[in-house]
Amino acid sequence: MFHVEPFFDPATFTLTYVVYDPNSKDAVVIDSVLDYEPMSSTVSTASVETIAAFLEKAGLTLRWTLETHAHADHLTATPWLKKRFGGRSATGVGIREVQKVFKTVFDMPPTFRTDGSQFDLLLEDGQILEAGTLRIETISTPGHTPGCVSYHIGDAVFTGDALFIEDYGTGRCDFPEGSADALYTSVHDKLYALPDETRVFVGHDYQPGGRPMRAETTIGRSKRENIQLRADTTRPDFVALRNARDATLAAPRLLWQSVQVNIDAGRLPAEHENGVRYLRIPLNLRKPVDDDGARKGASAS
């Protein structure tokens, strides 16, 4: 027996889940949020404090803080939770691939490790994680990123950015090492192999059409109604649709701020000698410019 308590962050449309056994009081938190305000470049803890209040009121013991992937739209609050409640952190073993890519993008120092050791545990496909009385099966679901995993607990699966509510579809696949073909396999061949009655708890809800927030659907409903990937959708059709849609999407608002923190298991950058922490934001990553702002190599008119 376990309960699922969702927490919605409207600033990033992110859903965080506390999954717990009401008898043993064992709990895990999936995909927590550290608030970040980009205009002032400040972090705060209002969202995660709400989760902390719930853990304390229910008398829960936090065993694990889990990440479905290295998020590109919000900072994780894993270190904050670990510091206050203990427990350990885990994500999929594919985080190593993401770390290698973004170590180069951010020109991170040689001391930055790309072996995933910033997390307490890296999970393989099919690996079972025991969190007290909770039994959690890892399902590798790459596509959105190469490191994405879903967590299967009893009659529920937590899909991160692989599978959303059926009226929104699936996660984008245009990040480095993302793959619409891999996402098809993850959703159609793996998640859709679960029983139709399996509850699906999604990583985001973007509330298309302004409808009320929804955290939950089912595998059966997704197979019948998902607007991008149903059970009868072919691989070529999905790949073409997903790639065409991704070509129209702007970069996530907090892409650069989030990824560099999240690949380091949520640790903020170290303080400089002046006592200030600094984020690295690449400038014209794909279209290099000279120091005057002109396109690199362009001749003066």
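Residues numbered from 1 in each chain as written. Predicted model: local features only at pLDDT ≥ 70, side-chain atom pairs only at ≥ 80, totals over all residues. Heavy atoms only, no water.

On to the side chain of S186. With respect to the element layout, S186 can be found in helix α4 (residues 180–190). Excluding residues that lie within four positions of it along the chain, S186 makes contacts with S140, T141, P142 and L191. (Helix = DSSP H or I, 4+ residues; strand = E, 2+ residues; numbered from the N terminus. Contact = heavy atoms within 4.5 Å.)

One way to put it is that α4 packs onto helix α6 (residues 235–246) with a least axis distance of 9 Å and a crossing angle of 125 degrees. Regarding the angle of α4 to α6, the classification is oblique. Here α4 and α6 pass one another in a crossing that is right-handed. On α6, the residues that touch A180, D181, L183, Y184, T185 and D189 of α4 are R235, F238, V239, R242 and N243. Across the contact of α4 with α6, the residue classes break down as 5 nonpolar, 2 polar and 4 charged. (Axes fitted to C-alpha atoms, helices over the stretch in contact; angles between N-to-C directions. Parallel < 35°, antiparallel > 145°, perpendicular 65-115°, else oblique. Left-handed = near helix turned anticlockwise from the far one by under 90°. Nonpolar A, V, L, I, M, F, W, Y, C, P; charged D, E, K, R; others polar.)

At their nearest, the axes of helix α1 (residues 46–57) and helix α2 (residues 78–85) sit 11 Å apart, and the two run at 30 degrees to each other. Classed by the angle they form, the pair α1 and α2 counts as roughly parallel. Taken as a pair, α1 and α2 cross one another with a handedness that is right-handed. Of the residues in α2, those in contact with V48, E49, A52, L55 and E56 of α1 are W80, L81 and F85. Across the contact of α1 with α2, the residue classes break down as 6 nonpolar, no polar and 2 charged.

Within this structure, the stated rule accounts for 17 salt bridges. Among the ionic pairs, D189 bridges to R235, the shortest N-O distance being 3.5 Å. One end of the pair, D189, is in helix α4; the other, R235, is in helix α6, and 46 residues separate them in sequence. The salt bridge involving D205 is made with R211; its shortest N-O contact spans 2.7 Å. In this pair, the class of D205 matches that of R211, namely buried. Via salt bridges that share partners, E166, R214, R221 and E225 belong to a single interconnected network. (Salt bridge = Lys/Arg side-chain N within 4 Å of Asp/Glu carboxyl O. Buried < 20%, exposed > 50% of the residue type's maximum accessible area, 1.4 Å probe, protein only.)

Before going further, it helps to examine the sheet that holds strand β8 (residues 121–123). Reading across the sheet, the 6 strands line up as β1-β2-β3-β6-β7-β8 and stay open at both edges, with mixed pairing between neighbours. Both edges of this open sheet fall to β1 (3–9) and β8, since each of them pairs with a single strand only. Between one strand axis and the next, the sheet turns through 25 degrees on average, direction left out of account. Strand direction decides the pairing type here: β1 and strand β2 (residues 14–20), joined by 7 bridges, are antiparallel. In the strand pairing of β2, D9 is matched with T14. (Pairing = 2+ DSSP bridges.)

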